[in-house]
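Read off the chains here:
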Amino acid sequence: MNDRVKKEAARRRTFAIISHPDAGKTTLTEKLLLYGGAINLAGSVTAKKKQRETSSDWMELEKKRGISISSTVLQFDYENFRLNLLDTPGHKDFSEDTYRVLMAVDAVIMVIDAGKGIESQTRKLFEICRKRGIPIFTFMNKLDRPAKSPLELIDQLEKVLKLHAFPVNWPLGNGVDFKGVYDRLKKEVCLFKRLPGGTYMAPVTIHNLTDPLVKNLLPEQTYREFAEELEMLDVAQAGLDLQAVLRGEMTPVFFGSAANNFGVELLLRGFLRYSAEPTPRKAGQRVVPLDDPAFSAFVFKVQTNMNPQHRDRVVFARVCSGEFSRDMKAYHARSGKEIVLSDSYNLFGRDREVVDNAYPGDIIGFVTKLDFRIGDTISVDPKIIYDEIPRFAPECFAYFHNSVSSDYKRFRKGLDHLLAEDIVQSFNVQGSIENTPLLGAVGPLQFEVLQYRLKDEYKAEPRLDLMPWTLLKWIKSALGSEEIIKLLPRGAALAIDDQNRRVLLFLTEWSYAHFAENNPAVEFFNTPVQS
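All of the points below concern the structure found in this document. These numbers were taken from a predicted model, which means no experiment stands behind them. (Residues numbered from 1 in each chain as written. Predicted model: local features only at pLDDT ≥ 70, side-chain atom pairs only at ≥ 80, totals over all residues. Heavy atoms only, no water.)

So, about the side chain of Asn 141. Note that Asn 141 resides in strand S5 (residues 136–141). Within polar-contact distance, the side chain of Asn 141 engages the backbone oxygen of Ala 23 at 2.9 Å. (Helix = DSSP H or I, 4+ residues; strand = E, 2+ residues; numbered from the N terminus. Polar contact = N/O pair within 3.5 Å; in protein donor to acceptor, adjacent residues only side chain to side chain.)

Quick look at the structure:
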C-alpha cells in the first residue's frame, strides 16, 4: 500500500489562489478549470443576469454581489496530475476563512492587478504565506488593460514583499497592444488571439523572437522597449532556483489576462512544472510522513446547506497521510470516539461525486451530523493529533434577534447551524440579559452574509444590533471572573467563548492599554489560550 500512496501523493497538487479584491482571482480560477478540461465554457464573476455563473461561486449572495464570500474546493485532473484547487474569499472581511484554507494547501498562486500593483490585502495574505513558508507563484493579471511597466511590477514584488522574483515569461505590450508573452526559458514567443467573451481557450501560435511577424505586431517604440527589458533581465538575474521557490523565497512570475485566457495555460503548466508534491504535516513534535500506514486528515472548513433541500452539513478535510477508503473506521481525536467515514465526496463547487479512495493532498467532504469543528483531526491512529488552526480576534460585534415570534424555532435552528461553520465567533457576555450569544466577526460583511443566509435558507427575519466594542483579547489570570469584572473600565465586559475560554471586550484601544498597564495580574493574548 505504501508504494501506491507514494505514487498517488506524488501526482497531487493542492493549492489556493489569493489576491486583493477585484484583481481577478475567481476569473483565473474559472479559466484554470477551462484549460484543465473541468468545464467546457468559462463563466463570469460579474453580476449580470445573462452571463454564466462561475463554478466556484455557488452561494446565492455570491451570484448577486459578484464576489467570493466562501472558500470552495474544485478538484480536477490535468495530464497526469490530480489538482485540488481551493478558491478563497476575496473580500477582506473573510480573511479568517482564507487563513484556514492556506493551512490546507501546499502552494498558492498570487494574482496581482497589473494596473494597480501590490495592494493591502495582497500584503496581508502574503505575510501568512511567508510565515508558513508556502511556495508562491505570481500571475500579473489584466495586461489587456493599461498596466504598470513590467519592470515596475517586478521591482514592487522584490521591494514591498521582500521576495526574489523570476519572470518566467515577459509581456509583449499592454492594453490594446498586448499581443502575447515571451517564454524566457524556452526562448519562444507565444502570440494570443482574442476571442469574444473569453469563454473558449484562446488560440496560440509559437514564433521565434526574430520573426518579422512579432516585430510588426507592435509599435516600433514598444518593441524596442521590450527587447531592452529582456536584455536587462538576462544580465541582472541569475536564473530560476527551484529550491528557493519551494522554500517560499523566490516566486516564478507569469504575465497574462485571465479574462481573455492569455497566458493561463502557460501559468498552469509552469505551476505544475515547478511545484512539489504534498508537504508532510506536524502533529505535536512529530512530522507524519505521507506514506504513514495510518490514514489521517484535519478539518479546515464546515459548510451547511450546500444542498438546501436536505439541510446538509459538509465537513472539508485535508488528507495528510495514508489511504482513505470509504466506510473505513477512524477516530475523531477531540471526542475520542470511533466513527465510520461514509458519505464521502469529491467536491466541485456545489456539485459532488462519491469518493471511494483518497490520498495525501486530496480534499474530501463528509456529509455528517457529527460535531466536527475547524481544526479537528480524523485518523486511524488516535495518537495523531494535528496542531490547532489559530483564530483571529474579531473586530466587530453584534447580537442577532428574532423579529417574528412565530419564526423563533427557524431563527434559532438557522443560527446554530451557521455558527457551526465558524464564519463568526460566539461569546456569552457575563451578566448580560440577552438570550442569544454575542457574535464577533473580523468585518461587517460577515454579519450581512449571516443575516442574508438566515433569511434565504431558513426563512427567518433576524434583526441586527451592532455593539460598540472594537477590541477583543483572550486572557489568562489567576483572578476569578467576578474579581476581573470589578476591575474593568466603563463599557468593557468579560465574556466566555465557545470553548469556555475567557475574553475581555473593550470600547477602544486606549481603554485596553490603560487597563493592561494597571492590571499586571491579567495576561492578554491575540489568539485563544486556556485561562
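Having put the structure on the table, let's press on.
Another aspect to go through is the environment of His 164. Secondary-structure assignment places His 164 in strand S6 (residues 164–167). Placed 82 residues apart in sequence, His 164 and Arg 82 show a C-alpha to C-alpha distance of 29 Å. Filtering out sequence-adjacent residues up to four positions away, His 164 remains in contact with Glu 158, Glu 249, Met 250 and Thr 251. (Contact = heavy atoms within 4.5 Å.)

Below, the discussion takes up helix H1 (residues 2–10). For H1, every residue scored as buried is listed here: Val 5, Glu 8 and Ala 9. Angular distribution of buried residues about the axis of H1 spans 100°; they occupy a single face of the element. Facing away from the buried side of H1, by more than 90 degrees, are the exposed residues Asp 3 and Lys 7. The inward-facing, buried residues of H1 contact strand S1 (12–19). (Buried < 20%, exposed > 50% of the residue type's maximum accessible area, 1.4 Å probe, protein only. Arc of directions from axis to C-beta.)

Right, let's get into the nonpolar core. Ranked by internal contacts, the top residues of the largest apolar core, which has 111 residues, are Leu 28, Ile 109, Phe 300 and Ile 378. Beyond its immediate chain neighbours, meaning those up to four positions away, Ile 378 contacts Phe 295, Ser 296, Ala 297, Val 299, Ala 317, Ala 330, Tyr 331, Ile 339, Leu 341, Phe 366 and Phe 372. Counting residues in each nonpolar core, the second largest holds 16 residues, with Cys 396, Phe 411, Leu 419 and Tyr 458 among its members. (Core = buried A, V, L, I, M, F, W, Y, C linked by side-chain atoms within 4.5 Å.)

Here the focus is the sheet that holds strand S9 (residues 188–192). An order of S7-S8-S9-S10 is seen for the four strands of this open sheet, with the pairing classed as antiparallel. Looking at which strands have only one partner, the edges of the open sheet turn out to be strand S7 (169–172) and strand S10 (204–207). Strand-to-strand twist in this sheet, taken as the mean axis angle between neighbours without regard to direction, amounts to 25°. In terms of strand pairing, S7 meets strand S8 (residues 180–183) through four bridges, oriented antiparallel. Among the inter-strand pairings, Trp 170 is bridged to a residue of S8, identified as Tyr 182. (Pairing = 2+ DSSP bridges. Axes fitted to C-alpha atoms, helices over the stretch in contact; angles between N-to-C directions.)

A word on the pairing of strand S29 (residues 493–497). Among the five residues in S29, five count as buried, and that is most of the element. Pairing of strand S25 (residues 425–429) with S29, which is carried by three bridges, proceeds in the antiparallel orientation. Along S29, the bridge assignment pairs Asn 428 with Ile 496. Sheet topology places S29 next to strand S30 (residues 502–506); four bridges connect them, and they run antiparallel.

The axes of two packed helices give the description: the angle between them and the distance between them. At a minimum axis distance of 10 Å, the contact between helix H11 (residues 408–419) and helix H12 (residues 444–458) shows a crossing angle of 125°. With respect to H12, the axis of H11 lies oblique. Pair H11 / H12 crosses with right-handed handedness. When H11 is examined against H12, the residues Arg 410, Phe 411, Gly 414, Leu 415, His 417 and Leu 418 are found in contact with a partner set consisting of Leu 450, Arg 453, Leu 454, Glu 457 and Tyr 458. Residue composition of the contact of H11 with H12, grouped by class: six nonpolar, two polar and three charged. (Parallel < 35°, antiparallel > 145°, perpendicular 65-115°, else oblique. Left-handed = near helix turned anticlockwise from the far one by under 90°. Nonpolar A, V, L, I, M, F, W, Y, C, P; charged D, E, K, R; others polar.)

This part is about unusual backbone geometry. The phi angle of most residues is negative, glycine excepted, and most peptide bonds adopt the trans form. The phi dihedral of Glu 79 is positive, around 55°, even though this residue is not glycine. Tracing the sequence through the fold places Glu 79 in the loop between strand S2 (72–78) and strand S3 (81–87). The residue Lys 162 is not glycine, and still its phi comes out positive at about 55°. Structurally, the position occupied by Lys 162 is in the loop between helix H6 (150–160) and S6.

Inspection of every chain in the model, using the stated rule, returns 19 aromatic pairs. On the numbers, 4.9 Å between centres and 75° between planes, the contact of Phe 137 with Phe 271 is edge-to-face. In this pair, Phe 137 sits in strand S5 while Phe 271 sits in helix H10 (residues 264–274), placing the two residues 134 residues apart along the sequence. For the pair formed by Phe 137 and Phe 271, the shared burial category is buried. Here Phe 192 and Phe 262 contribute two aromatic rings whose centre-to-centre distance is 4.9 Å and whose plane-to-plane angle is 15°, an arrangement assigned as stacked. Pair noted here: Phe 192 is in strand S9 and Phe 262 is in the loop between strand S11 (250–255) and H10, with a separation of 70 residues, a long-range link. For the pair shown, Phe 192 and Phe 262 are each scored as buried. Sitting over the ring of Phe 166, Arg 184 keeps its end group 4.9 Å from the ring centre. (Phe/Tyr/Trp six-rings, centres within 6.5 Å; stacked < 30°, edge-to-face > 60°. Lys NZ or Arg CZ within 6 Å of the ring centre and 35° of its normal.)

On their own, these measurements won't tell you what the molecule is for.
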